[in-house]
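The chain contents come next:
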Amino acid sequence: DQSLVYDIWKIDVETKKKTLLTNSMRANYPKFSSDGRSILFVAHKNSTTQIYTMDIDGKNIKQITSNTDDTQVITPVWNPDGRSIAYAEAGPDGAMDIHILELYKGESKQITNSEEADFLPIWHPDGNKISFTGLYDYTPNLYTNDLTSGETIQNTDIGDMVMGVQWDKQRSTITASTLPTVDSSRVVAIDPTRV
């Protein structure tokens with residue numbers, strides 16, 4: 001069914017040369033590390049997802065999780081210091097929450113606990129907060145969790161319907177996109193301290 005062809009490619013934007021980095025891993029969600037030396041990604045075997053890292057040339061592929069059963073992982077991102085990653089994980093119960101994996105310790109910690117989906121984590125530059133998209137009441141909105149206090153605030157409301165994309169370094173905001181509910185989707189900047 002071509003499911004094993006779903007892999008990660010690297011494209012040189014100047015020469016247009018394409019290089020296959022994974023082979024028959026059903027791999028997706030690639031993210032470059034901040035130093036540009038590694039790529040973080042997820043890959044699927046049957047109904048279990050694992051998180052991996054590899055060099056930017058596709059060498060030294062290393063599995064960094066040991067998930068079992070029907071575990072799904074999506075939208076992993078590096079902490080700005082490269083020492084941990086945040087990602088969304090759903091276990092056999094189907095509840096998708098934000099987790100953080102300390103790479104050097106190998107310890108994972110669950111950050112959110114909701115029966116609805118939390119995904120698309122976005123690290124703040126100091127590494128002390130994570131913004132994420134929560135699908136509460138079937139509506140995507142932006143939330144920010146303070147990792148020090150454990151407090152989560154809601155940044156957008158039902159009318160906003162936004163999904164976080166990335167941190168905007170110039171504005172210190174979250175770049176998000178609205179749902180294409182009218183004629184198109186719109187890109188917006190959200191203040192992560194907004195309540």
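Residues numbered from 1 in each chain as written. Predicted model: local features only at pLDDT ≥ 70, side-chain atom pairs only at ≥ 80, totals over all residues. Heavy atoms only, no water.

Caption draft 1: Region of interest: the sheet that holds strand β13 (residues 139-146). Taken together, the four strands give an open sheet; going across it, the order is β11-β12-β13-β14, and neighbouring strands pair in antiparallel fashion. Pairing within the sheet leaves two strands with one partner each, and these edge strands are β11 (118-123) and β14 (152-154). On average, each strand axis in the sheet is tilted by 30 degrees relative to the strand beside it, whichever way the strands run. In terms of strand pairing, strand β12 (residues 129-136) meets β13 through eight bridges, oriented antiparallel. (Pairing = 2+ DSSP bridges. Helix = DSSP H or I, 4+ residues; strand = E, 2+ residues; numbered from the N terminus. Axes fitted to C-alpha atoms, helices over the stretch in contact; angles between N-to-C directions.)

Caption draft 2: Just the sheet that holds strand β3 (residues 27-32), in detail. The four strands are arranged β3-β4-β5-β6 in an open sheet whose pairing can be described as antiparallel. In this open sheet, the two edge strands, each paired with only one partner strand, are β3 and β6 (62-63). In terms of strand pairing, β3 meets strand β4 (residues 38-45) through four bridges, oriented antiparallel. The residue bridging Phe32 from the neighbouring strand is Ile39, located in β4.

Caption draft 3: The arrangement of a nonpolar patch on the surface in detail. A cluster of nonpolar side chains, Trp9, Ile11 and Leu20, forms an exposed patch at the surface whose accessible area comes to about 300 Å². Relative to the elements of secondary structure, Trp9 occurs in strand β1 (residues 9-11). (Patch = residues over 30% accessible without salt bridge, like charges linked within 9 Å, V, L, I, M, F, W, Y side chains within 5 Å. Areas by Shrake-Rupley, 256 points an atom, 1.4 Å probe, with all protein chains shown as cover. Salt bridge = Lys/Arg side-chain N within 4 Å of Asp/Glu carboxyl O.)

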